[in-house]
Amino acid sequence: MRITLIAVGKTSTPYIKEGIESFLARVNRYVPMSLEVIPDLKSTRGLTADEQKRREGELIIKALMPGDHVVLLDERGDVLTSVKFAREIERRMASGLKRLVYVIGGPYGFSPEVYARADGKLSLSAMTFTHEMVRLFFTEQVYRAMTILRGEPYHHE
């Protein structure tokens with residue numbers, strides 16, 4: 001199984017970018033994982049939030065493949081402990097799934113079409129974070145999940 005994180009917009013803060021790259025390298029020791037960046041839309045000044053979500057949604061859906069299991073990182077998603085998140089990944093791996101895709105939307109969230117395509121929603125916190133920070137936190141949690149599944153000492157209960 002491959003894990004893919006799709007995110008709208010590039011990571012421009014150097015220390016966050018470095019952290020994401022570090023956790024991706026760590027995760028790749030266990031399972032292939034990649035970050036696919038959908039470029040920010042150009043000239044959004046005249047767009048409504050709904051129009052921006054629709055355009056970003058088209059690009060997100062275009063990046064998906066048939067058979068992908070898609071989970072949106074969304075504030076209204078399920079809240080899981082790190083151990084439960086690890087077990088969820090383990091369950092997907094055991095199911096024979098080829099690609100598990102997590103998606104971080106743009107500044108206004110997801111279009112109705114993206115919600116309709118999704119198989120689930122996951123919330124990292126009730127708090128609000130920048131999309132760059134969510135990328136860092138999420139890649140760390142995938143790494144933590146892999147160490148939990150392997151019984152390694154990174155995670156402490």
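Refer to the structure above for everything that follows.
Note that the structure is predicted; figures quoted are calculated from it, not measured.

Asks: Account for the packing of aromatic side chains, naming residues and giving values.
Replies: To describe a pair of aromatic rings, one takes the distance between the centres and the angle between the planes. Evaluation of the coordinates by the stated rule reveals 8 aromatic pairs. Look at Phe85 and Phe138: their rings are 5.9 Å apart centre to centre, the planes differ by 65°, and that puts the pair in the edge-to-face class. Of this pair, Phe85 sits in helix α3 (residues 82-94) while Phe138 sits in helix α5 (residues 131-149), and the two are 53 residues apart along the sequence. Across the pair, Phe138 and Phe85 agree in class, each one buried.

Asks: So what's going on with helix α1 (residues 14-27)? Which residues, and what values?
Replies: Each turn of an α-helix holds 3.6 residues, which means side chains three or four residues apart point in the same direction. For α1, built from 14 residues, the straight-helix expectation of 20 Å at 1.5 Å per residue is met to within 8% by its first-to-last C-alpha distance of 20 Å. Among all positions of α1, only Ile16, Gly19, Ile20, Phe23, Leu24 and Val27 are buried. Looking straight down α1, one finds its buried side chains confined to an arc of 135°; they lie on one side. In α1, the exposed residues that point more than 90 degrees away from the buried face are Pro14, Tyr15 and Glu18. The secondary structure elements touched by the buried residues of α1 are β2 (33-38) and α5.

Asks: Please give an account of the sheet that holds strand β4 (residues 99-104) that cites residues and values.
Replies: In space, the 5 strands of this open sheet follow the order β2-β1-β4-β3-β5, with parallel pairing throughout. Every interior strand has two partners, whereas the edge strands, β2 and β5 (120-123), have only one. Neighbouring strand axes in the sheet, compared pairwise and without regard to direction, differ in orientation by 35° on average. Bridge analysis of strand β1 (residues 2-8) against β2 gives 6 bridges, and the strand direction is parallel. Note that in β2 the partner of Leu5 across the bridge is Leu35. Contacts between helix α2 (residues 49-63) and the sheet are confined to β1, β2 and β4, with β2 contributing the most and set at about 145° to the helix.

Calculation rules
Residues numbered from 1 in each chain as written. Predicted model: local features only at pLDDT ≥ 70, side-chain atom pairs only at ≥ 80, totals over all residues. Heavy atoms only, no water. Phe/Tyr/Trp six-rings, centres within 6.5 Å; stacked < 30°, edge-to-face > 60°. Helix = DSSP H or I, 4+ residues; strand = E, 2+ residues; numbered from the N terminus. Buried < 20%, exposed > 50% of the residue type's maximum accessible area, 1.4 Å probe, protein only. Expected span 1.5 Å × (residues − 1). Arc of directions from axis to C-beta. Contact = heavy atoms within 4.5 Å. Pairing = 2+ DSSP bridges. Axes fitted to C-alpha atoms, helices over the stretch in contact; angles between N-to-C directions.

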